[in-house]
Amino acid sequence: MLRQIEGSRAVAETVALCRPEVVCAYPISPQTHIIEAIGELVKTGELAPCEFINVESEFAAMSVAIGASATGARAFTATASQGLLFMMEALYNAGGLGLPIVMTLTNRAVGAPINIWNDHSDAMAARDAGWIQLFAETNQEAADLHILAFRLAEEISVPVMVCMDGFILTHATEAVDMPDQGQVDAFLPPYEPRQQLSPDDPYSIGAMVGPEAFSEVRYLAHAHQQEALARIPELSAEFAEAFGRDSGGLVHPYRSADAEVVIVAMGSVLGTIKDLIDTQRDTGMRIGALGVTSFRPFPIDAVRAALREAHQVVAVEKAFSVGFGGVLSTDVAMALSGLPVPVATVVAGLGGRVITKTSLQGVFEAAARGDIPRLSFLDLNEKLVERELARIAQGRRSGPSAENILRDLGTVASGIG
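These figures come from a predicted structure and were not determined experimentally.

**A look at the domain arrangement of the chain**
Segmenting the chain into domains produces domain 1 (2-197 + 206-243), domain 2 (251-377) and domain 3 (390-417). Just the C-alpha atoms count here: the centres of domain 1 and domain 2 sit 27 Å apart. Contact residues are listed per partner, giving 25 residues for domain 1 and 23 residues for domain 2. Both faces combined, the contact of domain 1 with domain 2 buries some 1,800 Å², and carbon together with sulfur accounts for 58% of it.

What follows is the structure in structure tokens.
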């Protein structure tokens, strides 16, 4: 049924249709509306049987999810930003134990400085934790990906993280085709755990593993991710047949078949990129896009096949590796290894800064001319940066850079534009 609904509410109701048995979370914006809505459904009895557990921290939230999943319950949680970092130790435990937990990550910048707006820094920090990471472009896809996530997690016995852009998607109201319980039940069978802690048949999990077997255990985690590479397209095709719409998959090309320049991105920014591509196509520019849904496992073969004929690839990404550069672009470059296709990184939208068509048009035109830098920062205020670098050069310390920059701007709190 098509409904005008907030993204967080759409995710909450869809997760409820997946019949989780344990939901636990600690509130952190912009995740809160999801957990509040699920809590309401548990309290009213609309989601039953389900135990909603209030915990004292994000570390506890993941720890409870681990315990619930290990005892055979379908477990769900959600977090963002610093909350994800606080649960990092437990996050690696969930991945290493192969527990099919599903978590919504409402992507938000990581401090310091403190920032509550959207970028992908949190997800990038967790990319090696053994979780599958799926990025949603729209609220429709965010809702759909949770159904796929539970099915995928439980078939392969790997935790899955559904990433949706904080505020941009979570707090936006738009049309979403909401499934009904019968559809979800037909697609997602009851959870049958591969391992289940029980006092009737006691054993331990998470044992100490020494050098003689640790490499093999980690390799097997990688093997499960490789299994997911094959299973994700199959499940997406099955989902399309069952629900009548495409969602999920590994990558999504857009007008890229004959493109000389291809823009690679993840998440909601793809909507803006696609709109501008349509405009630029009308002027004769041969440009397209490749949306990456599955960041982990990274679909090297699919990316290589989609980009091998391009003259220039540009990764527009909402995170970067300090001291190096692009994260997504590094994976893309590895996929194109041995091919004469240059890959440029454009870091954009950090801390929620608006990514405009006007700014992206300059990127597109530079890429078409072949003079785009290897690494650039979209709409960087270079005068502001140079002023702070000059302060630093004057002495051993200039004070906290964030506060200095805010004083230069004449404000005590920054806007998102």
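Still to come is the rest of the account.
**Details of the side chain of R151**
Relative to the helices and strands, R151 is located in helix α7 (residues 139-156). Here R151 falls in the buried class, since its relative accessible area comes to 10%. Look past the residues within four positions of R151 in its chain and what remains in contact with it is F187, L188, P189, R231, L235 and E238.

**Some details on the pairing of strand β13 (residues 312-317)**
In terms of burial, β13 is largely enclosed, as six of its six residues are buried. Residues Q312, V314 and V316 line one face of β13 and the alternating positions V313, A315 and E317 line the opposite face, and both faces are buried. Direction of pairing for strand β10 (residues 261-265) relative to β13: parallel, over a ladder of four bridges. Residue pairing for β13: I263 is matched across the bridge by V314. Relative to strand β14 (residues 343-347), β13 runs parallel, the two being bridged by five bridges. Bridge pairing in β14 places V316 opposite V346.

**Considering the nonpolar core**
M62, F76, L91 and V332 are the most contacted members of the largest nonpolar core, which has 98 residues in total. Among the elements that line this core, the one with the most residues is α7, at nine residues. In this view, M62 contacts T77, M87, A90, L91, A94, I101, M103 and W131; residues no more than four positions away in its chain are not counted. Residues V316, V346, L360 and A367 belong to the second largest nonpolar core, which totals 24 residues.

**Some words on the packing of helix α10 (residues 269-282) against helix α13 (residues 357-369)**
The contact between α10 and α13 brings their axes to 10 Å, and the two run at 60°. Accordingly, the angle class assigned to the pair α10 and α13 is oblique. Pair α10 / α13 crosses with right-handed handedness. Here T272, I273, D275, L276, I277 and Q280 of α10 lie close against α13, whose contacting residues are K357, L360, Q361, F364 and E365. The residue makeup of the contact of α10 with α13, split by class, is five nonpolar, three polar and three charged.

**Concerning the sheet that holds strand β5 (residues 102-107)**
Judged by pairing direction, the sheet is mixed, and its seven strands sit side by side in the order β3-β2-β4-β5-β7-β6-β12 without closing on themselves. Unpaired on one side and paired on the other, β3 (51-54) and β12 (294-296) mark the two borders of the sheet. In this sheet, neighbouring strand axes are inclined to one another by 20° on average, regardless of whether the strands run parallel or antiparallel. By the bridge criterion, four bridges tie strand β4 (residues 75-79) to β5 in an arrangement that is parallel. Bridge pairing links A78 to T104 in β5.

**Quick notes on the environment of E260**
Here E260 lies in the loop between β9 (251-254) and β10. What makes E260 partly exposed here is its relative accessible area of 28%. For the pair formed by E260 and G249, sequence separation is eleven residues and the distance between their alpha carbons is 24 Å.

**Concerning unusual backbone geometry**
With an omega dihedral of -5°, the bond running from A48 to P49 counts as a cis peptide bond. Locating P49 in the fold gives a position in the loop between α2 (32-44) and β3. In this structure, P113 follows A112 across a cis peptide bond, with omega equal to 0°. When you line up the elements, P113 lands in the loop between β5 and α6 (121-125).

Thresholds, definitions, all that
- Residues numbered from 1 in each chain as written.
- Predicted model: local features only at pLDDT ≥ 70, side-chain atom pairs only at ≥ 80, totals over all residues.
- Heavy atoms only, no water.
- Domains from an automatic or database assignment.
- Contact = heavy atoms within 4.5 Å.
- Buried area = accessible area lost by both parts, 1.4 Å probe.
- Helix = DSSP H or I, 4+ residues; strand = E, 2+ residues; numbered from the N terminus.
- Buried < 20%, exposed > 50% of the residue type's maximum accessible area, 1.4 Å probe, protein only.
- Pairing = 2+ DSSP bridges.
- Core = buried A, V, L, I, M, F, W, Y, C linked by side-chain atoms within 4.5 Å.
- Axes fitted to C-alpha atoms, helices over the stretch in contact; angles between N-to-C directions.
- Parallel < 35°, antiparallel > 145°, perpendicular 65-115°, else oblique.
- Left-handed = near helix turned anticlockwise from the far one by under 90°.
- Nonpolar A, V, L, I, M, F, W, Y, C, P; charged D, E, K, R; others polar.

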